Amino acid sequence: MSHFPDQTRYETAVYRRCGHSGLVLPPISLGTWQNFGAGNDFDAGRAIVRRAFDRGVTHFDLANMYGPPAGHAEDVFGRILREDFPGLLRHELVVSSKAGYEMWPGPYGRGASMKHLIASIDQTLGRLGVDHVDIFYAHRPWPDDPMEETMAALAQIVRQGKALHVGVSSFSPERTRTAHELLKREGVPLLIHQPNYSMLNRHIEDGLLDTLEELGVGCIGFSALAQGLLTDRYLDGQATSGRSLDPQGPFNPAALTPENLANVRGLAAIARRRGQTLAQMAIAWVLRDPRVTSALIGARTVEQLDESLDALNNTAFSPEELSEIDEFARE
Ligand code: NDP
């Protein structure tokens, strides 16, 4: 069953340049960490991807270990690509994946070694059913594996045509600088960094954004909604559905402290005054900094996705609003 995309999808869509590269990305990108596992309904995931694309979202973020089980999100997305985005439509998408976290048993099933990364990209391409991804990331720093080897592996993947660009995720400013330099020696630019960034996790304002700007590297901030905490669903405390109810899931209920919830309620009040939901303000706030190329979000339903994408209806902040937000936007 092919998808017939909305023909008006690019009429109002805007894109942001990724660092000093030739690649532009949508201001909001869709991730597949959760919601594309074996326990999720395939058609619900397909509907979310279709809706995102119809609204101008051209970038979809994956990793080899997304699921659960690991590999499942790539399998699901590969099927969506084959069935809904055949032929030239693939070239309207920027598909990224990553390797680094535990993926298969034994000493080579994780990390940032040549052995792990080269095997991983081949597995990823197999699951996705494509001959290349657009961006391939080292998913996390591995201090025991030499950076020279990690960057040589990423460069080799680009030279082999298996990825067009490479990125790093959750690297410190210092490691990012080293990665950039090592890749430069290999003749491959570091395209992008993927750090955690939201109103409740602002660590990248402490040096990383400055480093990325200086190096001309783009930035896609993950978990812009703090896994749902920056939405209206926790305003009364515990949510009645979603990932926080899954004891095996990644949402840490310890985040629902009275202090955090008071901050979230304070932020929600500001959002209401702006005529936005908290989710929309949280995404618009991430995008207030032009050094952030894209806000990377998740969605469990099309309704959640639509609400988030409507953040783009109001992305301007007054200085007064920003300083009021600063009073609540903290971990
Ligand atoms: P978000 O912070 O956007 O959280 C998404 C969750 O928030 C949804 O699953 C849903 O939770 C809730 N939500 C979203 N919209 C609404 C809404 N309108 N109303 C109420 N609740 C809402 O992002 P994720 O944490 O999912 O991460 C996004 C992406 O970032 C990942 O898919 C992945 O691509 C990337 N990532 C990268 C990492 C890395 O190490 N590089 C680590 C983590 C993520 P619920 O399901 O409970 O309904």
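Note that the structure is predicted; figures quoted are calculated from it, not measured.

Asker: In this structure, what is going on with empty space enclosed by the protein? I would like to understand it.
Answerer: To find the voids left in a structure, one rolls a probe of water-molecule size over its atoms. Applying the stated criterion across every chain, the model contains 1 cavity of 30 Å³ or more. Forming the walls of the largest cavity are Ala 112, Ala 138, Arg 140, Pro 141, Trp 142, Asp 145, Pro 146, Met 147, Thr 150, Phe 171 and Arg 175. In the lining of the largest cavity, the residues fall into 7 nonpolar, 1 polar and 3 charged.

Asker: Just checking my understanding: could you explain the pattern of salt bridges for this structure?
Answerer: Once their charged atoms are close, side chains differing in charge can pair, the charge on each being opposite to the other. Under the definition given, this model contains 25 salt bridges. Ionic pairing is found between Asp 310 and Arg 55, a salt bridge with its closest N-O pair at 2.7 Å. Of the two residues, Asp 310 is situated in the loop between helix 9 (302-309) and helix 10 (319-328) and Arg 55 in the loop between helix 1 (42-54) and strand 4 (59-61); the sequence distance between them amounts to 255 residues. Its relative accessible area of 26% is what places Asp 310 among the partly exposed residues. Judged by its relative accessible area of 29%, Arg 55 is partly exposed. Across the pair Lys 162 and Asp 122 runs a salt bridge, and its minimum N-O distance is 2.9 Å. In this pair, Lys 162 is assigned in the loop between helix 4 (147-159) and strand 7 (163-169) and Asp 122 in helix 3 (residues 114-128), connecting sequence segments 40 residues apart. One salt-bridge network, in which partners are shared between bridges, spans Asp 43, Arg 46, Arg 50, Arg 79, Glu 83 and Asp 84.

Asker: Any chance you could explain the side chain of Thr 150 here in plain terms?
Answerer: Note that Thr 150 resides in helix 4. Among the residues examined, Thr 150 registers a relative accessible area of 2% and is labelled buried. Polar contacts involving the side chain of Thr 150 include one to the main-chain carbonyl oxygen of Ala 112, which spans 2.6 Å. Those residues within four positions of Thr 150 in sequence are excluded, and the remaining contacts are Ala 112, Leu 117 and Ala 138.

Asker: Would you take a moment to explain the site of the ligand for this structure?
Answerer: Around the ligand lies a shell of 28 residues, among which Asp 61, Ser 223, Arg 233, Arg 243 and Arg 300 are the nearest. A distance of 2.6 Å separates an oxygen atom of the ligand from a polar side-chain atom of Asp 61. Between His 139 and the ligand, the recorded distance is 3.3 Å, taken from a side-chain N or O atom to an oxygen atom. When the free accessible area of the ligand is taken as 910 Å², the share hidden by the protein chains comes to 95%. If you list the elements that add at least two residues to the shell around the ligand, you get strand 10 (294-297) and helix 9.

Asker: Please explain the layout of surface pockets as it appears in this structure.
Answerer: By volume, the second largest pocket is sized at about 260 Å³. If you go around the second largest pocket, you meet 15 residues; those closest to its centre are Thr 12, Ala 13, Val 14, Arg 55 and Leu 312. A class-by-class count of the residues in the lining of the second largest pocket yields 8 nonpolar, 4 polar and 3 charged.

Asker: What is the right way to look at helix 2 (residues 72-84) in this model?
Answerer: The α-helix advances 3.6 residues per turn, and as a result positions three or four apart in sequence lie on the same side. Taking 1.5 Å per residue as the helical rise, helix 2 with its 13 residues ought to reach 18 Å, and the 18 Å between its terminal C-alpha atoms agrees with that figure. Among all positions of helix 2, only Ala 73, Glu 74, Val 76, Phe 77, Gly 78, Ile 80, Leu 81 and Asp 84 are buried. Contacts from the buried residues of helix 2 go to helix 1, strand 4, strand 5 (94-99) and helix 3.

Cut-offs used in this document
Residues numbered from 1 in each chain as written. Predicted model: local features only at pLDDT ≥ 70, side-chain atom pairs only at ≥ 80, totals over all residues. Heavy atoms only, no water. 1 Å grid on protein atoms, 1.4 Å probe; cavity = no way out; pocket = protein on both sides within 12 Å on 5 of 7 lines; lining within 4 Å. Points joined across faces, edges and corners; volume = space filled by probe spheres on them. Nonpolar A, V, L, I, M, F, W, Y, C, P; charged D, E, K, R; others polar. Salt bridge = Lys/Arg side-chain N within 4 Å of Asp/Glu carboxyl O. Helix = DSSP H or I, 4+ residues; strand = E, 2+ residues; numbered from the N terminus. Buried < 20%, exposed > 50% of the residue type's maximum accessible area, 1.4 Å probe, protein only. Polar contact = N/O pair within 3.5 Å; in protein donor to acceptor, adjacent residues only side chain to side chain. Contact = heavy atoms within 4.5 Å. Near = heavy atom within 4 Å. Areas by Shrake-Rupley, 256 points an atom, 1.4 Å probe, with all protein chains shown as cover. Expected span 1.5 Å × (residues − 1).

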